[in-house]
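# Structure at a glance
Residue strings, one per chain:
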Amino acid sequence: MLVLGVESSCDETGVALVEVPQLGTPRLLAHALHTQVQMHADYGGVVPELASRDHIRRVVPLTRAVLRDSQRSLSDVDVVAFTQGPGLAGALLVGAGYAAALATALNKPWMGIHHLEGHLLSPFLSSDPPAFPFVALLVSGGHTQLMHVRDVGDYELLGETVDDAAGEAFDKCAKLLGLPYPGGAALSLLAQDGDLRAFALPRPLLHSGDLDFSFAGLKTAVMNQWRKLGPDPSPQARANLAASAQAAIVEVLVAKSLQALKVTGLQRLVVAGGVGANGPLRAQLNAQAQKRGHRVHYPELSLCSDNGAMIALAGAMRLQRGCVPQAGPGCFEVLPRWPLASSTVVNPSGQEVQP
Ligand code: KG4
Ligand code: ZN
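Position numbers for residues start from 1 in each chain and track the written sequence from start to end. Lettering for chains starts from A, numbering for ligands starts from 1, and both go in the order in which the items are written. Predicted model: local features are reported for residues with pLDDT of at least 70 only, side-chain atom pairs are reported and counted for 80 or more only, and whole-chain, interface and lining totals are derived from all residues. Each side-chain value is worked out from all heavy atoms of the structure, with water and hydrogens disregarded.

The textbook angles at a metal center are 109.5 degrees for a tetrahedron of four donors and 90 or 180 degrees for an octahedron of six. Metal donors: N, O and S atoms at distances within 2.8 Å, or within 3.2 Å for Na, K and Ca, with water omitted from the atom set so that some sites may seem incomplete. Those protein atoms acting as donors to the zinc ion (ligand 2) are His115 (NE2), His119 (NE2) and Asp306 (OD), and they sit at 2.1 to 2.2 Å. Between 85 and 135 degrees for all angles marks four donors as tetrahedral; over 155 degrees for opposite donors together with 65 to 115 for all other angles marks four donors as square planar and six as octahedral; every other arrangement is irregular. What the four donor atoms of the zinc ion (ligand 2) show is an angle range of 89 to 150 degrees at the metal, which sorts the shape as irregular. Taken in sequence order, the residues that donate to the zinc ion (ligand 2) follow the motif H-x3-H-x186-D. Of this pair, His119 sits in helix α4 (residues 115–121) while Asp306 sits in the loop between β10 (295–297) and α10 (308–320); the two residues are 187 residues apart in sequence, bridging distant segments of the chain. With respect to class, His119 is no different from Asp306; both count as buried. Strands are runs of DSSP state E lasting at least 2 residues, helices are runs of H or I lasting at least 4, and numbering of each runs from the N terminus. Burial classification: accessible surface area is computed with a 1.4 Å probe over protein chains only, and a residue below 20% of its type maximum counts as buried, one above 50% as exposed, and the rest as partly exposed.

Moving on, we come to the pairing of strand β7 (residues 144–151). Among the eight residues of β7, six are classified as buried, and the element is accordingly described as predominantly covered. Pairing of strand β6 (residues 134–139) with β7 involves six bridges; the strand directions are antiparallel. Looking at β7, one finds that Val135 is bridged to His148. Linkage of β6 to β7, two consecutive antiparallel strands, is achieved through a turn of four residues. Pairing between strands requires that DSSP locate at least two bridges from one strand to the other. Judged from the six bridges that link them, β7 and strand β8 (residues 154–160) form a sheet pairing that is antiparallel. Residue pairing in the sheet places Val149 in a bridge with Tyr155 of β8. The turn joining β7 and β8, which pair antiparallel and follow one another in sequence, is formed by two residues; a positive phi near 80 degrees is taken by Gly153.

In this section: the side chain of His294. The residue His294 is located in the loop between α9 (279–292) and β10 in this model. Distance and chemistry together define a polar contact, namely a pair of N or O atoms within 3.5 Å, with one atom able to donate a hydrogen and the other to accept it when in protein, and with adjacent residues in sequence counting only for side-chain atoms on both sides. Reaching out from His294, the side chain makes a polar contact with the side chain of Gln267 at a distance of 3.3 Å. Any two residues whose heavy atoms approach within 4.5 Å are treated as being in contact. If we ignore the near neighbours within four places in the chain, the residues touching His294 are Leu258, Leu261, Leu266, Gln267 and Ala289.

Below, the structure written as C-alpha cells:
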C-alpha cells in the first residue's frame with residue numbers, strides 16, 4: 001500500500017510517498033520539498049496570504065517530482081494524507097483541497113493528519129527509530145511541548161510553553177542581532193564564535209517544578225543586553241550574546257526533557273521540530289542521556305523541518321493501526337488550532353477516528 005503525504009501548514013510545501021508494509025516500519029520512497037523561507041525573509045516573518053499562493057504553485061510540480069523519483073504513477077497511490085492542522089488556515093486549505101480533489105479524482109480515500117504527530121513520528125524514518133512508549137520534545141517555530149507518547153494517537157501533554165515557542169525565541173533573538181528570518185540556524189552559527197558565559201541571561205521556569213516553558217522574558221533580557229552594548233557592538237560581543245542566548249534556551253530544553261523522563265519513568269526521548277536540528281541541543285541531550293542510560297532519537301536532519309514525509313508516515317502508521325480514511329467525495333475542513341493531546345483525528349465528516 002502506498003500513501004501520498006501533503007504538508008502545507010506554514011511556509012514549506014512538502015509531498016512524499018511512503019510504502020506501508022502489513023507489519024514493521026513504513027518506508028520512504030521519495031519526498032520533495034519547497035521552502036518559502038527566502039520569500040518571507042523580506043518581511044521578517046511568514047506572510048499567510050503569500051504562503052497560501054505559493055503552496056498552490058508548488059504542490060503539483062512537487063507531486064510530479066515525487067512520482068518520478070519513486071518511479072510510481074498516480075494510479076499506484078492508495079491513500080492521500082494531508083496536514084489538517086494546526087497551522088495557517090489558508091495554507092492548510094491548499095493542502096486539504098488538493099488532497100481531497102486528488103483522492104476524489106483517483107477514487108481513493110484520504111485522511112487528515114495532525115502536523116505535530118507528523119513531527120513526533122518522523123524519527124521512525126531514521127536509521128535509529130525509537131520504540132513506543134517515549135517522551136517527545138516538540139520544538140518548532142510555533143510549538144514547544146513535552147508529550148508522553150504511548151502509541152500512535154495516544155498522547156498526553158506533559159508541559160508546554162506559556163508564551164513564545166523555542167524556535168520563536170531563537171528567531172526573535174536572531175532578529176535583534178540583525179540576522180535574517182528565520183534566525184535559529186544563523187544564530188547557532190554565530191554562537192560558535194561566542195562565549196556562552198559572557199552574558200548572564202535568565203533560565204525561565206527552570207526550577208518551576210513543572211514541565212512548562214516560558215521564553216518571552218528571555219527575548220526581553222537579550223534586547224536589554226543588546227541595547228546596553230550601544231549603537232555599534234563589536235562582532236565578538238554580538239557572537240557572545242548569540243552564544244549566551246542559545247545556551248539559555250538549550251539549558252531549559254535539556255533540563256525539562258530530563259525531568260519529563262524522570263517523571264514518566266521512560267527511557268526514550270524523541271526530539272522533533274526545526275529546533276531539533278540545533279547542534280548544542282543535540283550534544284547536551286546526548287551527553288546527559290548517555291550518563292543516565294537514556295536513548296535519544298532524532299529525525300534525519302533533512303526531515304527536522306516541515307516536510308511531506310512525516311505526514312505520509314503518520315498516515316501510514318495510523319492505517320497500520322486500523323484507522324479508516326475518508327472515502328468518496330465530501331467536504332473537507334482544516335483545524336488551524338488543534339491540540340495534539342486530543343489524540344483523535346476528526347475526519348472531514350466531523351467524526352472522530354480513533355487509531
Ligand atoms: O518545525 P519547523 O521547521 O517549522 C515549524 O515551526 O513548524 O521549525 C522552524 C523553527 C524556526 O524557528 C527556526 O529558526 C528553528 O526551527 N530552527 C533552529 C535551527 N534550525 C531551525 N533553531 C535553532 N537551531 C537550529 N539549528
Ligand atoms: Zn512543523
